[in-house]
Amino acid sequence: MITVTKPWLPDRKKLDFYIDKIYSSGHITNDGPLLKLLEERLQKHLGVKNLILVNNGTTALQVAYEALELKGEIITTPFSFIATSSSIVWQGKKAVFADISSDTLNIDPHQIKKKINKNTSAIVPVHCFGNPVDVTAVKEISENHNLKTIYDASHAFGIKNSDGSSILNSGDISTLSFHATKLFHTIEGGAIITSDDELAQKIRIMIRCGISGKDSVQYLGTNAKMNEFSAAMGLCILEDIETILQKRKRIWELYVEGLKGIVTFQLWSSCYENNYAYVPVIFSSNDNLLSAEKALSLENIFPRRYFYPSLDTLDFLSTSQVCENSRDIASRIMCLPIYPGLSEQNVKRTIDIIHSSILEERQRSSA
Ligand code: T4K
């Protein structure tokens, strides 16, 4: 079975090296040595100042909102994984949707401006599929309106500008997801990144139920700590990251070459390299997408409809907010299988099936 992704599993001996350390120290969670080592290595690898590891990407967002003391309304994108918006509502704030640009698939800064009112406290853009948001435009808006910015950078591991600076240094906070399905993973996990040292210190306390030192509770907090086994997995995968990227790059290039003119690809921000985390392809219609999906499933190939449905259609998130571009894209987009163990032969097979299904669909609709 070919699925949209398969988690990278490192060499067992490498993993055992770290697991042996856990067994001999008996330190399995709460600020263990492997967690500290992984934080240091990730800070260096990603080029960021303060990176705080947490137990998943959803709590990373929740903690970010609380650390910045957000209130009222938060403007975000309707085209994302549910956690971007549900985390806002879960924390008792209102998610206000600003529509996306249909080519970049990112929140449109012009639409953000239209949604700002006296209750707005922050903007939560997503670097969708790793494609950097127009951070300059968002910075200008947030400075003009005194708003905080939290980038949901769950897909943007390792994305750097052509001058070498990390996209993860944008805004007040950036968050990452290290879920098993991600390019870099810790089984479950995530990170909160900020260049503000004081804020970083506050977050470190908040993720330990607000406890600072031994007996003093300084903030209202939660338990969002990462354990040592997850950190061990992360240390191994970080050592393999160049191999993972090269293998993904090759697959991504095959898809682009093979599907040129058949489907549309996301317009990628020109100053940034892709990290090949996803292969989103946009069909010309929902019918075309459905027939491709069906044809692929008959061959045991299972892409995923990331992201469907558009989040502005969910009653528990949104009250009468309609984002046309997001709804349209959500009905026509799917992510194709990409992971290091996927053979070129299977990528080519996937491309051929999509070609034939589109041809058949065209013939059907012209008959
Ligand atoms: N913000 C954004 C923009 C995000 O995309 C996400 C998460 C978050 C926030 C929240 O971060 P976390 O709290 O999740 O850390 C997946 C992931 O669960 C989720 O992390 C991710 N985004 C989202 C885009 O995708 P599903 O529902 O696609 O997962 P699942 O279990 O269907 O896996 C997809 C395929 O991967 C399966 O068909 C088979 C394969 N797989 C999966 C797992 C878990 C394996 O082969 N082995 C495995 O262990 O959500």
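This text goes with the structure placed above it.
A quick note: this is a predicted structure, and the numbers were derived from the prediction, not measured.

Is there a simple way to explain the pattern of salt bridges in this structure?
Opposite charge on two side chains permits them to pair, given that their charged atoms come into close proximity. Within this structure, the stated rule accounts for 16 salt bridges. Arg 204 is the salt-bridge partner of Glu 39, the closest N and O atoms lying 3.1 Å from each other. One end of the pair, Glu 39, is in helix H2 (residues 33-46); the other, Arg 204, is in helix H7 (residues 197-206), with 165 residues separating them in the sequence. Here Glu 39 falls in the buried class, since its relative accessible area comes to 7%.

Just to check I follow, could you spell out the sheet that holds strand E5 (residues 120-124) for this structure?
One key point about sheets: their strands pair by backbone hydrogen bonds, in either a parallel or an antiparallel sense. Pairing is mixed across the open sheet formed by seven strands, whose spatial order is E2-E8-E7-E6-E5-E3-E4. The strands lining the two open edges of the sheet, one partner per strand, are strand E2 (50-54) and strand E4 (94-97). Strand after strand, the sheet turns through a mean of 25 degrees between neighbouring axes, direction not considered. Across four bridges, strand E7 (residues 173-177) lies against strand E8 (residues 190-194) in antiparallel orientation. Residue pairing across strands places Ser 174 opposite Ile 193, the latter belonging to E8. Helix H4 (residues 82-90) contacts strand E3 (73-76), E4, E5 and strand E6 (148-152) of the sheet and is inclined by roughly 145 degrees relative to E4. The strands that helix H6 (residues 135-145) touches are E5 and E6; relative to E6, the one it contacts most, it runs at about 150 degrees.

Whenever I open this one, the site of the ligand confuses me. Can you help?
Residues in close proximity to the ligand total 22 residues, the closest being Thr 58, Asp 152, His 155, Arg 304 and Tyr 306. In the environment of the ligand, a nitrogen atom lies 2.8 Å from a nitrogen or oxygen atom belonging to the side chain of Lys 182. Relative to its free-state accessible area of 920 Å², the ligand is covered by the protein chains to the extent of 74%. Because more than half of its atoms lie within 2 Å of the grid, the ligand is assigned to the largest pocket.

Help me understand the packing of helix H3 (residues 57-67) against H4 in this model?
For any two helices packed against each other, one specifies the inter-axial angle together with the distance between the axes. Relative to each other, H3 and H4 sit at 45 degrees, their axes nearing to 9 Å. In terms of orientation, H3 and H4 fall into the oblique class. Helix-helix and strand crossings are classified by hand; for H3 and H4 the assignment is right-handed. Between H3 and H4, the contacting residues are Thr 58, Leu 61, Gln 62 and Tyr 65 on the first element and Ala 83, Thr 84, Ser 87, Ile 88 and Trp 90 on the second. Looking at the contact of H3 with H4 residue by residue, the classes come out as five nonpolar, four polar and no charged.

Explain the nonpolar core to me, please; I cannot follow it from the model alone.
What tends to happen in soluble globular proteins is that the nonpolar side chains get buried as a cluster. Counting residues in each nonpolar core, the largest one holds 49 residues, and the members touching the most others are Leu 42, Leu 53, Ile 112, Phe 157, Leu 176, Phe 178 and Phe 184. For this core, the secondary structure elements donating two or more residues are helix H1 (12-25), H2, E2, H6, E8 and helix H8 (228-259). For this core, the element with the most residues is H8, which contributes nine residues. Residue assignment places this core across two domains, with domain 1 (7-239) and domain 2 (241-366) each supplying three or more. Within the second largest apolar cluster, 29 residues are counted, among which are Ile 74, Ala 200, Ala 224 and Leu 317.

About the cut-offs
- Residues numbered from 1 in each chain as written.
- Predicted model: local features only at pLDDT ≥ 70, side-chain atom pairs only at ≥ 80, totals over all residues.
- Heavy atoms only, no water.
- Salt bridge = Lys/Arg side-chain N within 4 Å of Asp/Glu carboxyl O.
- Helix = DSSP H or I, 4+ residues; strand = E, 2+ residues; numbered from the N terminus.
- Buried < 20%, exposed > 50% of the residue type's maximum accessible area, 1.4 Å probe, protein only.
- Pairing = 2+ DSSP bridges.
- Axes fitted to C-alpha atoms, helices over the stretch in contact; angles between N-to-C directions.
- Contact = heavy atoms within 4.5 Å.
- Near = heavy atom within 4 Å.
- Polar contact = N/O pair within 3.5 Å; in protein donor to acceptor, adjacent residues only side chain to side chain.
- Areas by Shrake-Rupley, 256 points an atom, 1.4 Å probe, with all protein chains shown as cover.
- 1 Å grid on protein atoms, 1.4 Å probe; cavity = no way out; pocket = protein on both sides within 12 Å on 5 of 7 lines; lining within 4 Å.
- Sits in = over half its atoms within 2 Å of the grid points.
- Parallel < 35°, antiparallel > 145°, perpendicular 65-115°, else oblique.
- Left-handed = near helix turned anticlockwise from the far one by under 90°.
- Nonpolar A, V, L, I, M, F, W, Y, C, P; charged D, E, K, R; others polar.
- Core = buried A, V, L, I, M, F, W, Y, C linked by side-chain atoms within 4.5 Å.
- Domains from an automatic or database assignment.

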